[in-house]
Amino acid sequence: MAKMRLDWSAQRQKVLSENIANADTPNYRSHDLKSLNFKNLAMSEASKVAMVRTDAGHLAPGIPEPGPYREVTERFPYESAADGNEVVLEEQMSALSDTKNQYNLSIELVKKHLNMIKIATRAGR
Amino acid sequence: MDELKQTAAIATSGLKAQTERLRTIAQNMANADSMAERQGEDPYRRRVVTFKSVMDREVGAEMVRTGRVREDMSAFTRKYDPSHPGADAEGYVLAPNVNPMVEMMDMREAQRSYEANLNVITATREMTRNTLELLRS
């Protein structure tokens, strides 16, 4: 679960940085990832379908593989600028630091886990 | 390319785009008094940077690029200065359509966006550093 959350927050960081970089692009709509809860996890595991390449001559899909977690477009933005841009910089910044904290939390969890393994291996000696 | 690297690449593209914008603003400000040199000629025309989001295949994400630098086609202002070589019969010279207030606002906006992108890079760096810390424990 901690590893999943790491993956998820890394991917979310990417999506948020796209939003922030495009904060002045006309007609840009902000994206976000679906929040990581059990329901969404179960759904995404079930709906993962990919085309199989049965022959070496088959072309790989041209679009780079999107991450394992689903990206959604903000449907009801808080505000949109006159040029059709829907990125709210403040919102994105808070989401960014939130994601960073979650990432650090997961890292700490993994660290604790490793420590426990270390203790267990020491006990054998 | 992992996601944190992609994040840094995207934020860097944002930084570059905002720098380009700031450069154009500086050009406008510097030329705010470049009047028409001779009668019938046009003075300096304000330039505007356009942004667009581009799918970068190498990075695998939507980056931001500056599009063509376009000219602002709004009307020139007129200034009364009979001694100027570019003055017409009534003593008016065509002055650039640069409004220093608008440019200042634009500059502040570019600055804020630049800072936001910089914050993204800082956050990403911290995340990467914490990941590397795992090796040390």
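Keep in mind that this is a model prediction, so the values were computed, not measured. Throughout, residues of each chain are indexed from 1 in the direction in which the sequence is written. Each chain takes a letter, starting from A, and each ligand takes a number, starting from 1, following the order in which they are written. Totals for whole chains, interfaces and linings use every residue, but because this is a predicted model, local features are given only for residues with pLDDT of at least 70 and side-chain atom pairs only at 80 or more, for both listing and counting. Hydrogens are left out, water is left out, and the side-chain values use all remaining heavy atoms of the structure.

A. Local environment of the overall build of chain A. For the purposes of this entry, the term helix denotes a DSSP run of H or I that reaches at least four residues, the term strand denotes a run of E that reaches at least two, and both are numbered from the N terminus. The helix and strand inventory of chain A stands at 3 helices and 2 strands. Going residue by residue from the N terminus, the α and β elements of chain A occur as α-β-α-β-α. Note on exposure labels: buried denotes an accessible area under 20% of the residue type's maximum, exposed denotes more than 50%, and partly exposed covers the range between, all computed with a 1.4 Å probe on protein chains only. Buried residues in chain A amount to 36% of all 125 residues. In chain A, the share of contacts with a sequence separation of at least 24, taken over all contacts with a separation of at least 6, comes to 78%. Computed with a 1.4 Å probe, the accessible areas rest on the Shrake-Rupley method; for each residue, only the protein chains presented here act as cover. Counting every atom, chain A has about 8300 Å² of accessible surface; 58% of that belongs to carbon and sulfur. In this description, contact between two residues means that some pair of their heavy atoms is separated by no more than 4.5 Å.

B. Local environment of the side chain of R46 of chain B. Residue and element names in this part refer to chain B. Looking at the element boundaries, R46 is found in the loop between α1 (3-30) and β1 (47-56). Given the relative accessible area of 13%, R46 is considered buried. Looking at R46, its side chain comes within polar contact range of the side chain of E103, at 2.5 Å. R46 has contacts with N28, R70, E71, D72, N97, V98, V102, E103 and D106, leaving out every residue within four places of it along the chain. Think of a polar contact as two N or O atoms within 3.5 Å of one another; within protein, one of them needs to be a possible hydrogen donor and the other a possible acceptor, and neighboring residues in sequence only count if both atoms come from side chains.

C. Quick look at the interface of chain A and chain B. Contacts between chain A and chain B engage 29 residues on the former and 34 residues on the latter. Each of two parts loses accessible area, computed with a 1.4 Å probe, when they are put together; buried area is these two losses added. Buried area between chain A and chain B, both sides added, is near 2600 Å², and the carbon and sulfur share of it is 63%. Should a side-chain nitrogen of Lys or Arg be within 4 Å of a carboxyl oxygen of Asp or Glu, the pair is scored as a salt bridge. Counting every contact that joins chain A to chain B gives 2 salt bridges. Between E126 of chain B and K100 of chain A there is a salt bridge; the shortest N-O distance is 3.3 Å. In this assembly, chain A and chain B are joined by 9 residue pairs in polar contact (both at pLDDT 80 or more). Those elements that provide at least two residues to the side of chain A that touches chain B are α1 (2-21) and α3 (89-123) of chain A.

D. Expanded view of the confidence of the model for chain A. With 82% of its residues at a pLDDT of 70 or more, chain A shows a mean pLDDT of 81. Looking at the elements of chain A, mean pLDDT is at its lowest for helix α2 (residues 38-46) of chain A, recorded as 64, and at its highest for α3 of chain A, recorded as 90. Across the chain, each position has a pLDDT score giving the predictor's confidence in that residue, from 0 to 100.

E. The arrangement of the pairing of β1 of chain B in detail. Residues and elements named next belong to chain B. Where β1 lies against strand β2 (residues 61-71), 9 bridges are found, and the strand directions are antiparallel. Within β2, the residue paired with M55 across the bridge is E62. For two strands to be treated as a pair, DSSP must find no fewer than two bridges joining them. Taking the residues between adjacent antiparallel strands as the criterion, β1 and β2 are bridged by 4 residues, where G60 takes a positive phi near 80°.

F. Seen up close, the UniProt feature "domain: Flagellar basal-body/hook protein C-terminal" (unreviewed entry) in chain B. Following the UniProt record, the feature "domain: Flagellar basal-body/hook protein C-terminal" (unreviewed entry) maps to residues 90-133 of chain B here. Summarising residues 90-133 of chain B: 77% helix, 9% strand, and an end-to-end C-alpha distance of 74 Å. UniProt positions are given in the numbering used here, feature names are shortened, and annotations may be inferred rather than shown by experiment.

G. Focus on the pattern of salt bridges. Per the counting criterion, the structure on display carries 18 salt bridges over all chains. Residue R21 of chain B pairs with D24 of chain A through a salt bridge whose shortest N-O separation is 3.1 Å. Of this pair, R21 of chain B sits in helix α1 while D24 of chain A sits in the loop between α1 and β1 (31-33), placing the two residues on different chains. Residue classification places D24 of chain A among the buried residues on the basis of a relative accessible area of 14%. Here D72 of chain B ties to R46 of chain B by a salt bridge, and the two come within 2.9 Å at their closest N and O atoms. Here R46 of chain B lies in the loop between α1 and β1 and D72 of chain B lies in the loop between β2 and β3 (77-80), a separation of 26 residues in the sequence. For the pair formed by D72 of chain B and R46 of chain B, the shared burial category is buried. Here the salt bridges do not stand alone but share partners, grouping D24 of chain A together with R21, D106 and E109 of chain B into one network.

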